[in-house]
Amino acid sequence: MPTIVANTTDGYVAKFAFSGPSFSSIRDATSGNQTSATLGNYRFATRFAAQTSRGGFYDIRRTFFAFDTSVITSTVASATINIYGDTNGTLDIIGVKATRPDLTNPIVNADFDAITGFSAGSSMAGNVTDYTAEVTSWSTSGYNSITLNAAALSDLQSLSVFAICFVGYDNDYLNVDPGFSSGINANTGMYFANATDAGKRPYIDYTLSTGYANNVNGVASANIGSVIGVATANIDKINGV
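Owing to the predicted nature of the structure, the values given are computational and were not obtained by experimental measurement.

### A look at the environment of threonine 132
And then number 1: Within the secondary structure, threonine 132 is located in the loop between β7 (93-97) and β8 (143-147).
And then number 2: As for threonine 132 and isoleucine 81, which are separated by 51 residues in sequence, their C-alpha atoms are 9.3 Å apart.
And then number 3: Among the polar contacts listed, one links the side chain of threonine 132 to the backbone nitrogen of glycine 95, at a separation of 2.9 Å.

### With respect to the pairing of strand β2 (residues 11-17)
And then number 1: By the criterion of burial, β2 is predominantly enclosed, with six of the seven residues buried.
And then number 2: In terms of strand pairing, β2 meets strand β5 (residues 57-68) through seven bridges, oriented antiparallel. Paired with valine 13 across the strands is arginine 62, a residue of β5.
And then number 3: Strand direction decides the pairing type here: β2 and strand β3 (residues 34-36), joined by three bridges, are antiparallel. The partner of alanine 14 across the bridge, within β3, is glutamine 34.

### Overview of the pattern of salt bridges
And then number 1: If you walk through the whole model with that rule in mind, you get eight salt bridges.
And then number 2: Two residues, aspartate 155 and lysine 97, come together in a salt bridge whose shortest N-O distance is 3.2 Å. Placement of the pair is aspartate 155 in helix α2 (residues 150-158) and lysine 97 in strand β7, with a sequence separation of 58 residues. For the pair shown, aspartate 155 and lysine 97 are each scored as buried.
And then number 3: Notably, a salt bridge pairs arginine 100 with aspartate 102, separated by 3.6 Å at the nearest N-O pair.
And then number 4: Take arginine 100: its relative accessible area is 15%, and that puts it in the buried class.
And then number 5: For aspartate 102, a relative accessible area of 26% puts it in the partly exposed group.
And then number 6: What emerges from the salt-bridge pattern is a single network uniting Arg27, Asp28, Arg62 and Asp172.

About the thresholds
- Residues numbered from 1 in each chain as written.
- Predicted model: local features only at pLDDT ≥ 70, side-chain atom pairs only at ≥ 80, totals over all residues.
- Heavy atoms only, no water.
- Helix = DSSP H or I, 4+ residues; strand = E, 2+ residues; numbered from the N terminus.
- Polar contact = N/O pair within 3.5 Å; in protein donor to acceptor, adjacent residues only side chain to side chain.
- Buried < 20%, exposed > 50% of the residue type's maximum accessible area, 1.4 Å probe, protein only.
- Pairing = 2+ DSSP bridges.
- Salt bridge = Lys/Arg side-chain N within 4 Å of Asp/Glu carboxyl O.

Here's what the structure looks like:
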């Protein structure tokens, strides 16, 4: 099964403020105030916090990854994104289509809202492009294998850079303000492409479709060994299909 390791431009972007900020001023911000594209791992990679201390504060952190998918030119049948967990696994997350990072420029503060279809004041549900289902369990001592959906499979083939952002599901994604008194402090720790241990770096593995038609002129594809002397295993398309 082919694999693609995340580019080292990956990382997180955080937006937080103390002394009683509004939820919307944090969640709908166009730029964060803390980021890193050089960490090997971070226990607060994706975060949602709402607490009464320090005058009341919100802290939202989103995690971005980029993959060079220019090598994928055929239909992708299935794929997973695999992220090694670190320390915390209390935040339910979801992966959505992002416009950053690319393969050259590391993630920066201005990329806090670099999510395709994001609209300030609105839930991401129905507006952004989901790449995964909600992730409700998280290993902090091994790889978390997350299934990529049909939209993601299509983009793995059609895009030369596959960018995905993980956000907290219950509050950030759904645009739900729990208030400071909720005392929420939920985090999901992750390893990044800069991890010293290559065995903990994020990667995508995928499987390509094995055929594009069920039959040719009434003959089942499984019974066709070659077409005009060319083995079927070496044929991507017939007449563009």
